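# Reading the structure
Listed here are the chains, written in short residue letters.
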Amino acid sequence: MQSQKLSYLMIGDSIKKQVASQGLLSLYQGLGPTILRDVPFSAVYWFNYELLKQKFNQQKPTFWFSFFAGATAGGVS
């Protein structure tokens, strides 16, 4: 489905079929793995970002500092 060009009506129909055949909770099948991926990433990212802000004494960071600190924190994460 991801590789096909679908209208919103077709997407809605496929969601209705999914819920009808497997129940409402089937829409949340990927929630657990997504949380297991995103929570540790966010914790490491924000820890490193705030650490960089503190090390470089940035109370109100500029755009470029935020850009590079965010890229560095994201790379570490």
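To be clear, the structure that these remarks concern was listed above.
These lines cover the structure that appears in this document, whether it is placed above or below. (Residues numbered from 1 in each chain as written. Predicted model: local features only at pLDDT ≥ 70, side-chain atom pairs only at ≥ 80, totals over all residues. Heavy atoms only, no water.)

## Here's the deal with helix α2 (residues 31–55)
For α2, with 25 residues, the first-to-last C-alpha span of 35 Å sits near the 36 Å given by 1.5 Å per residue. In this structure, the buried side of α2 is in contact with α3 (63–76). Once α2 ends, the next one or two residues include Asn57, with phi positive near 50 degrees. (Helix = DSSP H or I, 4+ residues; strand = E, 2+ residues; numbered from the N terminus. Expected span 1.5 Å × (residues − 1). Contact = heavy atoms within 4.5 Å.)

## Looking at a nonpolar patch on the surface
Together, Tyr8, Ile11, Ile15, Leu24, Leu25, Leu27, Tyr28, Leu31, Ile35 and Val39 make up a nonpolar patch on the protein surface, roughly 1100 Å² of accessible area in all. Secondary-structure elements contributing two or more residues to the nonpolar patch are α1 (8–22) and α2. Inspection of the secondary structure assignment puts Tyr28 in the loop between α1 and α2. (Patch = residues over 30% accessible without salt bridge, like charges linked within 9 Å, V, L, I, M, F, W, Y side chains within 5 Å. Areas by Shrake-Rupley, 256 points an atom, 1.4 Å probe, with all protein chains shown as cover. Salt bridge = Lys/Arg side-chain N within 4 Å of Asp/Glu carboxyl O.)

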